[in-house]
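# Overview (structure and organization)
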Amino acid sequence: MWPNVLIQASPATPILTLGNNDEEGRLPVVIFSHGLWACRTTYSAFCCDLASHGYIVVVPEHLDGSANMASYADHNGNRKWLQNSFADVPIDQISMLDRAKQLKQRVLEVRKVVDVLESLDRGLLTQNSNTVTGRAGLEVSMLQNRLDLHFIAVSGHSFGGATSIVASGVDKRIKCCLAMDVWWEPVDKMEIEKLAGKVPVLLLNTENFDWKALRDARTMFMKARRDATQDGRPLVTVLKTIKGTSHQDQSDFTMLFPKIMKRMGVAGTLDPFVSKDINSRACLDFLHRYFLPPGTKGPYAVDVAEDSEHLIVEY
């Protein structure tokens with residue numbers, strides 16, 4: 001829809017090499033799960049920020065029917081499209097049982113992404129398995145022996161935030177969770193204690209994405225986290241809220257269409273570019289503190305001191 005809107009990124013460019021030995025040549029991975037009525041490109045600014053700091057960022061387009069329109073390749077390599085499953089249904093008539101089914105598929109897809117990454121790192125998938133061609137085509141061999149699969153994090157926004165919470169609770173290969181504006185309702189309340197997981201969790205919220213049912217579910221999750229331990233130590237759980245922001249401020253839309261989004265009432269009062277930078281720095285700082293091993297030279301640390309006036313922080 002917007003062919004002339006460009007981001008500062010170079011497609012199909014070889015991955016940065018940090019050092020000379022094998023371990024220094026491997027980079028940690030972040031898998032990002034998009035939100036409801038979004039797609040894999042909706043959070044390009046955030047994902048490029050992470051990638052520019054030394055993470056390999058992988059963004060699946062979910063085929064559960066929650067995307068606005070999802071692209072995939074069939075078994076013959078032909079491009080197919082899947083539209084939103086509830087495009088013609090009023091949103092208040094969609095049951096949480098249906099959303100829970102979608103959430104289950106989303107989590108399975110995230111876990112399948114980890115399987116594929118393991119195969120790519122081992123060189124078990126050839127270029128013939130890559131259906132992406134043209135300007136964005138990627139030589140899959142560049143990923144062989146480059147993925148640090150001991151350090152896999154999962155992130156997501158809204159429905160993708162719920163996806164990241166559940167995936168990090170059920171897949172032991174995932175070591176950290178960055179959950180933005182989690183849409184808690186599709187998560188089975190009886191499963192929250194189990195899904196609290198054992199990995200460090202950052203809950204990064206916008207100020208206006210807030211209502212009672214959401215707060216109640218989040219409080220239940222936070223209590224389950226406080227009651228759980230890892231090797232006798234409390235779990236790392238940080239809740240941050242960015243002041244003056246709305247739900248869409250964590251996507252690209254408010255930067256692409258700031259005036260329109262303001263008039264529609266779906267953008268916050270904080271400048272969307274400032275909000276984006278705060279959002280990215282909060283996640284990068286959390287990854288550097290609680291995900292990467294101490295003394296890591298790259299991915300690189302960020303300075304978050306300037307952001308304190310815009311944040312409400314809870315532990």
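Please refer to the structure placed before this passage.
Residues numbered from 1 in each chain as written. Predicted model: local features only at pLDDT ≥ 70, side-chain atom pairs only at ≥ 80, totals over all residues. Heavy atoms only, no water.

This part is about the environment of Leu-311. Secondary-structure assignment places Leu-311 in strand E11 (residues 311-314). Residue classification places Leu-311 among the buried positions, given a relative accessible area of 14%. For the pair Leu-311 and Lys-240, spaced 71 residues apart in sequence, the C-alpha separation works out to 6.4 Å. Not counting residues within four places of it along the chain, the set of residues in contact with Leu-311 comprises Lys-240, Thr-241, Ile-242, Lys-243 and Ile-278. (Helix = DSSP H or I, 4+ residues; strand = E, 2+ residues; numbered from the N terminus. Buried < 20%, exposed > 50% of the residue type's maximum accessible area, 1.4 Å probe, protein only. Contact = heavy atoms within 4.5 Å.)

In this section: the pattern of salt bridges. This structure, assessed with the given rule, holds 16 salt bridges. Measuring nitrogen to oxygen at the nearest pair gives 3.3 Å for the salt bridge that ties Asp-49 to Lys-276. Of the two residues, Asp-49 is situated in helix H1 (residues 44-52) and Lys-276 in helix H8 (residues 272-290); the sequence distance between them amounts to 227 residues. On the basis of relative accessible area, Asp-49 is assigned to the buried category, the value being 17%. For Lys-276, a relative accessible area of 16% gives the class buried. (Salt bridge = Lys/Arg side-chain N within 4 Å of Asp/Glu carboxyl O.)

Another point: the nonpolar core. The biggest cluster of nonpolar side chains holds 42 residues, and the ones touching the most others in it are Val-29, Ile-31, Leu-117, Ile-165, Trp-184 and Leu-203. With seven residues, helix H2 (residues 96-121) is the single largest residue contributor to this core. If sequence neighbours within four positions are ignored, Leu-117 has contacts with Val-29, Ile-31, Val-58, Leu-147 and Leu-149. Membership of the second largest hydrophobic core comes to 27 residues, among which are Tyr-43, Phe-286, Leu-287 and Val-302. (Core = buried A, V, L, I, M, F, W, Y, C linked by side-chain atoms within 4.5 Å.)

Where H1 contacts H8, the axes come no closer than 10 Å and their chain directions differ by 40°. Here H1 lies oblique to H8, going by the angle between them. When the axes of H1 and H8 are compared, the crossing they make is right-handed. Each of Ala-45, Phe-46, Asp-49 and Leu-50 in H1 lies in contact with H8, whose residues at this interface are Lys-276, Asn-279, Ser-280, Cys-283 and Leu-284. A breakdown of the residues in the contact of H1 with H8 according to their chemical character gives five nonpolar, two polar and two charged. (Axes fitted to C-alpha atoms, helices over the stretch in contact; angles between N-to-C directions. Parallel < 35°, antiparallel > 145°, perpendicular 65-115°, else oblique. Left-handed = near helix turned anticlockwise from the far one by under 90°. Nonpolar A, V, L, I, M, F, W, Y, C, P; charged D, E, K, R; others polar.)

Across the seven residues of strand E1 (residues 27-33), seven count as buried, placing the element largely inside the fold. As defined by bridge partners, E1 adjoins strand E5 (residues 147-157) across six bridges and the pair is classed as parallel. Counterpart to Val-29 in the pairing with E5 is Ile-152. Across three bridges, E1 lies against strand E2 (residues 56-58) in parallel orientation. Pairing of Ile-31 across the sheet is with Val-58, part of E2. For the crossover from E1 across H1 to E2, the handedness is right-handed. (Pairing = 2+ DSSP bridges. Right-handed = clockwise from strand over helix to strand, strands pointing away.)

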